[in-house]
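Tertiary structure, described
The lines below spell out each chain.
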Amino acid sequence: MNSEKDLAKAWNYRELLSELVKREIKSRYKQSILGYAWVLLVPLVNLVVLTVVFSLFIRIPTGNIPYPIFLFTALVPWTFTANAITFATQGLVSNTSLITKIYLPREIFPIATVFAKLVDYFLTSIILLIFLIIYGVSFEITMLYIPLIFFFHLLLVLGVSFILSAINVFFRDVENVLSVFLTIWMYITPVIYPPELIPQKFVPIFNLNPMMPIINAYRNTILYGVPPSWQSFSYAAVFSTLIFILGYKFFRNRSKYFADVI
């Protein structure tokens, strides 16, 4: 009940949340020559490099799906995941002056950062849409599942962001090890390879990773015209919901000490 009241209280600050999102978007590329073009350039460069490596030098079988579109379908949601968590982890430390001088729900800062990254996600999704058209991928009715997939994807990102941003206030080492953690997480998620390449004896371990069924669900609905695998996706949905709830409770519990420590 307290968590619901806290979330309702945070909703009362929705105008401030909107302003923080706008500020986050503007500040990221301020005094940058290319500005917001970096949002599109970075994933495109990653796409080119990974495509060259894994389609020319180390051939990854993807059946009838061209490797660039197979990769980009997973790279877009993964890039959002990594960027949102990275910047949200730094969100509290980056707003020290506001946290120490003004009373407002602390959770508004990681939420604002994640929402700002949704703009990036939307723009790169447009590029993905263009790629789908170029490669002649037909639009299937299964794509209607995408909002459901994204909902639980977003819950997972917010939950992890709550936990890491709170811990980062007390232990700044989190920022330093986060890139390593995200790199490992990407390689145990079928972003650059199909899940069929995972050795059978490791499949139960890989299945514990909630991003695996989420990425597979995006690919299934977009590229293969089939619904998500409900057994594995249900696990991801439950896990994401629990991480969101527990992450939020952990954040609220630690938030009372932020002003003293930060």
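Read on for a plain summary of the structure. Note that this is a predicted model, so its numbers are computed, not measured.

To continue, consider the nonpolar core. One finds Ile 69, Phe 72, Val 114, Val 191 and Ile 192 to be the most contacted residues of the largest nonpolar core, which totals 77 residues. For this core, the element with the most residues is helix H4 (residues 67-89), which contributes 14 residues. In this structure, Val 114 is in contact with Phe 80, Ala 84, Ala 88, Leu 154, Val 157, Leu 158 and Ser 161, ignoring residues within four places of it in sequence.

The next subject is the packing of helix H7 (residues 108-134) against helix H8 (residues 146-170). The interhelical angle for the contact between H7 and H8, taken along N-to-C directions, is 140 degrees, at an axis separation of 10 Å. Our classification of the angle between H7 and H8 gives oblique. Judged by the sense of rotation from one axis to the other, the crossing of H7 with H8 is right-handed. Where H7 abuts H8, its residues Pro 110, Ile 111, Val 114, Leu 118 and Tyr 121 lie against Phe 150, His 153, Leu 154, Val 157, Leu 158, Ser 161, Phe 162 and Ser 165.

Further remarks concern the packing of aromatic side chains. For the coordinates displayed, the defined rule picks out 16 aromatic pairs. With a centroid separation of 5.5 Å and an interplanar angle of 40 degrees, the aromatic rings of Phe 181 and Trp 185 are classed as tilted. Of this pair, Phe 181 and Trp 185 both sit in helix H9 (residues 173-187), 4 residues apart, roughly one helical turn. Take Trp 185: its relative accessible area is 8%, and that puts it in the buried class. Feature note: the residues Tyr 145, Phe 151, Phe 152, Trp 230 and Phe 233 constitute an aromatic cluster, connected by ring pairs. Over the face of the ring belonging to Phe 87 we find Lys 117, whose NZ or CZ atom lies 4.1 Å from the ring centre. A cation over a ring is seen here: Arg 219 above Phe 70, with NZ or CZ 3.6 Å from the ring centre.

This part is about the packing of H8 against H9. One can describe the packing of H8 onto H9 by two numbers: an axis separation of 11 Å at closest approach and a directional angle of 150 degrees. In this view, H8 runs roughly antiparallel relative to H9, as classed from their interaxial angle. Considering only the axes of H8 and H9, their crossing is right-handed. Touching Leu 156, Leu 164, Ile 167 and Asn 168 of H8 are Val 174, Glu 175, Leu 178 and Trp 185, all from H9.

Among the structural elements, Phe 233 can be located in helix H12 (residues 230-255). Residues Phe 233 and Ile 215, spaced 18 residues apart in sequence, show a C-alpha to C-alpha distance of 9.7 Å. Not counting residues within four places of it along the chain, the set of residues in contact with Phe 233 comprises Leu 148, Ile 149, Phe 152, Pro 213, Ala 217 and Pro 228.

Before going further, it helps to examine the environment of Ala 166. The residue Ala 166 is located in helix H8 in this model. Measuring from C-alpha to C-alpha, the distance between Ala 166 and Gly 247 comes to 9.2 Å, with 81 residues separating the pair along the chain. Excluding anything up to four places from it in sequence, Ala 166 contacts Leu 92, Phe 250, Phe 251 and Phe 258.

So, on to the pattern of salt bridges. Oppositely charged side chains can pair when the atoms bearing their charge come close. Here the structure, examined in full by the defined rule, presents 2 salt bridges. Residue Asp 120 is joined to Lys 117 by a salt bridge in which the shortest nitrogen-to-oxygen separation is 3.4 Å. Of this pair, Asp 120 and Lys 117 both sit in helix H7, 3 residues apart, which is roughly one turn of the helix. You can call Lys 117 buried: its relative accessible area is 4%.

Below, the discussion takes up the side chain of Thr 189. Relative to the assigned elements, Thr 189 resides in the loop between H9 and helix H10 (203-206). Relative accessible area serves as the criterion here: at 0%, Thr 189 is assigned to the buried category. One polar contact links Thr 189 to Asn 209, side chain to side chain, over a distance of 2.7 Å. Setting aside residues no more than four positions away along its own chain, Thr 189 makes contact with Trp 78, Asn 209, Met 211, Met 212 and Ile 215.

Analysis parameters
Residues numbered from 1 in each chain as written. Predicted model: local features only at pLDDT ≥ 70, side-chain atom pairs only at ≥ 80, totals over all residues. Heavy atoms only, no water. Core = buried A, V, L, I, M, F, W, Y, C linked by side-chain atoms within 4.5 Å. Buried < 20%, exposed > 50% of the residue type's maximum accessible area, 1.4 Å probe, protein only. Helix = DSSP H or I, 4+ residues; strand = E, 2+ residues; numbered from the N terminus. Contact = heavy atoms within 4.5 Å. Axes fitted to C-alpha atoms, helices over the stretch in contact; angles between N-to-C directions. Parallel < 35°, antiparallel > 145°, perpendicular 65-115°, else oblique. Left-handed = near helix turned anticlockwise from the far one by under 90°. Phe/Tyr/Trp six-rings, centres within 6.5 Å; stacked < 30°, edge-to-face > 60°. Lys NZ or Arg CZ within 6 Å of the ring centre and 35° of its normal. Salt bridge = Lys/Arg side-chain N within 4 Å of Asp/Glu carboxyl O. Polar contact = N/O pair within 3.5 Å; in protein donor to acceptor, adjacent residues only side chain to side chain.

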